[in-house]
Amino acid sequence: MGDRCAPDTTENGPHMGVIGPAAADPTEHSGIINSESDLGVTTRLYKRRWMIVFLFSSYSLINAYQWIQYAIISNIIMKFYKVEAFAVDWLSMVYMLTYIPFIFPVTWLLDIKGLRVTALIANALNCAGTWIKVASAKPSLFWVTMLGQFMSSFAQVFILGMPSRLASVWFGANEVSTACSIGVFGNQLGIAIGFLVPPILVPNVDDMDELAHHISIMFYISAGMATAILVLVVIVFQEKPEIPPSQAQAQARNMQPDEYSYTASILSLLRNKPFMLLVVSYGLNVGCFYAISTLLNRMIIEHYPGEEVNAGRIGLTIVIAGMAGSLICGIWLDKTKTYKQTTLAVYILSLTGMLAYTFTLNLGHLWVVFITAGVLGFFMTGYLPLGFEYAVELTYPESEGTSSGLLNCSAQIFGIIFTIAQGKIMDYWGTLAGNIFLCIFLLIGTVVTGFIKSDLRRQKANQQVEVQTVSVSTTVCVT
């Protein structure tokens, strides 16, 4: 009889089993039925999830800033430390190289120990790296600055795989793509600041003492910010909410520890053909971005001598446009769930932007370079969160950290290959040939993306629960 389905008197439905601090915490929440047991299970969205994701973005920012802070003033660093361009390139590529051997043990640690332990280690390493670099502001101490950069690059291994995991643990099913975009946003903003600030803080002067002073100031600013963020992480950063935010996360929590095997998870991902195609296409796209970022100063200086500051501004334009692209793509995915269509469209537009940048760089008009670089950045950098979230959809219920780690590992490998290869091509045949080299691989990546079969497993899990919830409610009403 229909009258037995009386409306709930509370605004957001029942909240079962909420006791202790969780009940008092300001929340946004909803009730849901567990698909396996048909028992009422409460899901809840805590307002502090925004504080957690923005804190993560902050320490991702300071780490990403350090990645590009040398490369964007490479000619000045070469002069100060009296080293070759290839040595300065390695100050950027060490971030890529360090990631490859350490990603699997770090991903295992993320799966076993969780978000808080991973965040604490990342910030401790990052802080140590910045203070080591403070001690390296002398022309004879290039090895010390490389050591500090290695420590920061090691911290990056604990950071890059976290956005999708943090989004899944803290955010609802209709927020995960947006939350992941915010996590990636911090990394992109750090790169943007890394492009903009070093050319301003470190002018191209001939006096070595004055130059050492400017470099020292740059290092002290990084160290101070890293230290402050470390303190905040220790005080504020939490492992997970008391009550899961989504049914997919509730199911993940119900998995018994002895049901999970890290090795089995890796093997399962390697046998997942759509995911492996995504690994290749993601690596090609992001590897191209790494190469462009590392070599941007050399590209601009070749065609526009003395424009170190504008080289930084062009890099800033690429990343700021990419941040806008990331947020727009994240919101679009949450609304439409069109993962393959969006990923393929953004990939094609990345290739188009790269072609435009390639063939306008040598025209002699910086304003044209700013425009084409912005278009390139909007789509190429905007692709980053798309890859993360598409991977989680294709691999659910495998660990988000593991899938993200494999994507990033691919990106680092291709980044090193492309940076070295493009650098050598530029040395012998110029920037045009080097950029055409990247365009060819973006075309290959576009074709590979087109062959990915879109199997949205996480969406199916959430939809299955919604259908069963409606079915159980209808049964209660009829009874």
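Residues numbered from 1 in each chain as written. Predicted model: local features only at pLDDT ≥ 70, side-chain atom pairs only at ≥ 80, totals over all residues. Heavy atoms only, no water.

The chain goes by FLVCR choline and putative heme transporter 2 in an unreviewed UniProt entry, where it is assigned to Haplochromis burtoni. Its UniProt record, at the heading Sequence similarities (unreviewed entry), says of the chain: "Belongs to the major facilitator superfamily. Feline leukemia virus subgroup C receptor (TC 2.A.1.28.1) family." (UniProt positions renumbered as here; feature names shortened; annotations may be inferred.)

Peer 1: Is there a simple way to explain empty space enclosed by the protein in this structure?
Peer 2: A water-sized probe rolled over the atoms picks out the places where empty space is left. Applying the stated criterion across every chain yields a total of two cavities of 30 Å³ or more. Approximately 230 Å³ is the volume found for the largest cavity. Residue lining of the largest cavity: 23 residues in total, with Gln156, Leu160, Asn187, Ile191 and Tyr290 positioned closest to the centre. Looking at the lining of the largest cavity, the elements with two or more residues in it are helix H2 (48-68), helix H4 (85-113), helix H8 (176-201), helix H12 (273-303), helix H16 (383-395) and helix H17 (400-429). It is H2 that provides the largest number of residues to the lining of the largest cavity, a total of five residues. Of the residues assigned to the lining of the largest cavity, the class counts are 16 nonpolar, seven polar and no charged. Formed jointly, the lining of the largest cavity draws a minimum of three residues from each of two domains, domain 1 (45-242) and domain 2 (263-474). (1 Å grid on protein atoms, 1.4 Å probe; cavity = no way out; pocket = protein on both sides within 12 Å on 5 of 7 lines; lining within 4 Å. Points joined across faces, edges and corners; volume = space filled by probe spheres on them. Helix = DSSP H or I, 4+ residues; strand = E, 2+ residues; numbered from the N terminus. Nonpolar A, V, L, I, M, F, W, Y, C, P; charged D, E, K, R; others polar. Domains from an automatic or database assignment.)

Peer 1: Is there a simple way to think about the nonpolar core in this case?
Peer 2: In summary, soluble globular proteins display a tendency toward joint burial of nonpolar side chains. Formed by 129 residues in total, the largest nonpolar core has its most connected members in Tyr59, Leu166, Phe237, Ile300 and Tyr357. At 15 residues, the largest contribution of residues to this core is made by H12. Tyr59 has contacts with Ala119, Ala122, Asn123, Asn126, Ile159, Met162, Ile229, Val233 and Phe237, leaving out every residue within four places of it along the chain. (Core = buried A, V, L, I, M, F, W, Y, C linked by side-chain atoms within 4.5 Å. Buried < 20%, exposed > 50% of the residue type's maximum accessible area, 1.4 Å probe, protein only. Contact = heavy atoms within 4.5 Å.)

Peer 1: So what exactly am I meant to see when it comes to the pattern of salt bridges here?
Peer 2: Once the charged atoms of two side chains with opposite charge are near each other, the side chains can pair. What the rule picks out here adds up to three salt bridges. Between Lys79 and Asp206 there is a salt bridge, with its nearest N and O atoms 3.5 Å apart. Of this pair, Lys79 sits in helix H3 (residues 74-81) while Asp206 sits in the loop between H8 and helix H9 (208-236); the two residues are 127 residues apart in sequence, bridging distant segments of the chain. The salt bridge involving Arg298 is made with Asp89; its shortest N-O contact spans 3.1 Å. Placement of Arg298 in helix H12 and of Asp89 in helix H4 is noted, with a sequence separation of 209 residues between them. (Salt bridge = Lys/Arg side-chain N within 4 Å of Asp/Glu carboxyl O.)

Peer 1: For this particular structure, what's the right way to read the packing of aromatic side chains?
Peer 2: The relative placement of two aromatic rings is captured by the distance of their centres and the angle of their planes. In this structure the tally under the stated criterion is 22 aromatic pairs. With a centroid separation of 5.4 Å and an interplanar angle of 70°, the aromatic rings of Trp67 and Tyr290 are classed as edge-to-face. With Trp67 in helix H2 and Tyr290 in helix H12, this residue pair connects regions lying 223 residues apart in the sequence. Assigned by exposure class, Trp67 and Tyr290 land together as buried. Note on Trp131 and Tyr220: the rings are 6.2 Å apart at their centroids and 80° apart in plane angle, and the pair reads as edge-to-face. Here Trp131, found in helix H5 (residues 115-134), pairs with Tyr220, found in helix H9; they are 89 residues apart in sequence, far enough to count as distant. What links up through ring pairs into an aromatic cluster is the set Phe102, Phe150, Phe154 and Phe158. (Phe/Tyr/Trp six-rings, centres within 6.5 Å; stacked < 30°, edge-to-face > 60°.)

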